[in-house]
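# Descriptive analysis of the structure
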Amino acid sequence: MLPDFQDALRLRGSRLDEDVSDLVMRMKAACQKLLMEFEDDIRRDSSSSARGMPEDGTVHELTSTTVNYLKRVAEYRQTAEALLPRIQGSRNPPVQEYVNGILVQLKGNLERKAEKDKKALLLSNIFLMNNYHYIQTTHERGMWSTCV
């Protein structure tokens, strides 16, 4: 669609074409930055729920938010592929590398939350099991399985 749009603009004049090209480049850069920041946000988890694991060991809000985000990445996979950089030396598509990176960061974050409460070892294990199960079942349902 973008080539058709660019062809139509060329008929209008080169200055307009330059302005639109500049706008598209800035939008692409902003989207790339947002994609990269999400992975950092998962690692840091500065959300209001960052305190630790829920008292009842249920699925953490961060897990739910991340899975919903991954569903959107899968839904717009072609766009994400165009925005994400290729990892040098990797045979995997950029989206697969990106999703794997997010899952690694989420796993580390959940484990840190579980480790914070050393007195409740059983609850920590239930918490991890619930979160991993939630991630696995949404993946198996095909909600974002095309990305991994």
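None of these values were measured; they are calculated from a predicted model.

Rules used in this analysis
Residue positions are counted from 1 within each chain, in the order its sequence is given. Given that this is a predicted model, residues contribute local features only at a pLDDT of at least 70 and side-chain atom pairs are listed and counted only at 80 or more, while totals for whole chains, interfaces and linings are drawn from all residues. Where side-chain values are given, they derive from all heavy atoms of the structure, hydrogens and water being excluded. Helix numbering and strand numbering both begin at the N terminus, where a helix is a DSSP run of H or I of at least 4 residues and a strand a DSSP run of E of at least 2. Throughout, exposure labels follow a simple rule: accessible area from a 1.4 Å probe, protein chains only, divided by the maximum for the residue type, with under 20% read as buried, over 50% as exposed, and the rest as partly exposed. Values of accessible area rely on a 1.4 Å probe in the Shrake-Rupley scheme; residue burial ignores everything except the protein chains shown. Using protein atoms alone on a 1 Å grid, points that fit a 1.4 Å probe yet trap it form a cavity, whereas open point sets bounded by protein on both sides within 12 Å along at least five of seven lines form a pocket; residues with an atom within 4 Å of a point count as lining. Grid points are joined across faces, edges and corners, and a volume is the space filled by probe spheres set on the points. When residue character is reported, Ala, Val, Leu, Ile, Met, Phe, Trp, Tyr, Cys and Pro are called nonpolar, Asp, Glu, Lys and Arg charged, and the others, Gly included, polar. Take the residue count of a helix, subtract one, and multiply by 1.5 Å to get its expected span. The set of buried Ala, Val, Leu, Ile, Met, Phe, Trp, Tyr and Cys residues whose side-chain atoms join them within 4.5 Å is what this entry labels a nonpolar core. We call two residues contacting when some pair of their heavy atoms lies within 4.5 Å. By definition, no residue in a patch forms a salt bridge, and every one has over 30% relative accessible area; like charges are joined within 9 Å, nonpolar side chains (Val, Leu, Ile, Met, Phe, Trp, Tyr) within 5 Å. Any carboxyl oxygen of Asp or Glu within 4 Å of a side-chain nitrogen of Lys or Arg constitutes a salt bridge here. Confidence of the predictor at the level of single residues is captured by pLDDT, which takes values from 0 to 100.

## So, the overall build of the protein
The helix and strand tally for the protein stands at 6 helices and 0 strands. Counting across all 148 residues of the protein, residues that qualify as buried make up 32%. Accessible area for the protein stands at about 9,900 Å²; split by element, carbon and sulfur atoms hold 55% of it.

## Focus: the layout of surface pockets
Volume-wise, the second largest pocket comes out at about 190 Å³. Every residue lining the second largest pocket is listed: Cys31, Leu34, Leu35, Tyr69, Arg72, Val73, Tyr76, Thr79, Ala80 and Leu83. Only helix 2 (14-44), helix 3 (61-75) and helix 4 (77-83) provide two or more residues apiece to the lining of the second largest pocket. Tallied by class, residues from the lining of the second largest pocket come to 8 nonpolar, 1 polar and 1 charged.

## Quick look at helix 3
Given 3.6 residues per turn, any residue in an α-helix points the same way as the ones three and four places further on. In this model helix 3 runs 21 Å from its N-terminal to its C-terminal C-alpha over 15 residues, within 8% of the 21 Å that 1.5 Å per residue would give. The complete set of buried residues in helix 3 reads Leu62, Thr63, Thr66, Val67, Tyr69, Leu70, Lys71, Val73 and Ala74.

## Observations regarding the nonpolar core
Counting 22 residues, the largest nonpolar core has Tyr69, Val73, Tyr98 and Ile102 as the members making the most contacts within it. The dominant element in this core, judged by the number of residues it contributes, is helix 5 (residues 94-116), at 7 residues. In this view, Tyr98 contacts Leu35, Met36, Phe38, Glu39, Tyr69, Val73 and Leu84; residues no more than four positions away in its chain are not counted.

## Comments concerning the environment of Leu83
Mapped onto the fold, Leu83 is located in helix 4. Given a relative accessible area of 14%, Leu83 falls into the buried group. Taking the C-alpha atoms as reference points, Leu83 and Lys33, separated by 50 residues in sequence, lie 9.6 Å from one another. When neighbours within four sequence positions are excluded, Leu83 is seen to be in contact with Lys28, Cys31, Gln32 and Leu35.

## A look at a nonpolar patch on the surface
There is a patch of nonpolar side chains on the surface, built from Leu122, Ile126 and Met129 and spanning about 310 Å² of accessible area. Along the chain, Ile126 falls in helix 6 (residues 121-140). The class of Ile126 is partly exposed, set by a relative accessible area of 30%.

## As for the pattern of salt bridges
This structure, assessed with the given rule, holds 7 salt bridges. In this structure, Glu81 engages Arg77 in a salt bridge whose closest nitrogen and oxygen atoms are separated by 3.6 Å. Taken together, the residues span about one helical turn, with Glu81 and Arg77 both in helix 4 at a distance of 4 residues. For Glu81, a relative accessible area of 24% translates into the label partly exposed.

## Comments concerning the confidence of the model for the protein
For the protein, per-residue confidence averages 84 on the pLDDT scale, and residues scoring 70 or more make up 81% of the total. Confidence, expressed as mean pLDDT per element, reaches its minimum in the protein at helix 1 (residues 2-12) with 60 and its maximum at helix 6 with 94.

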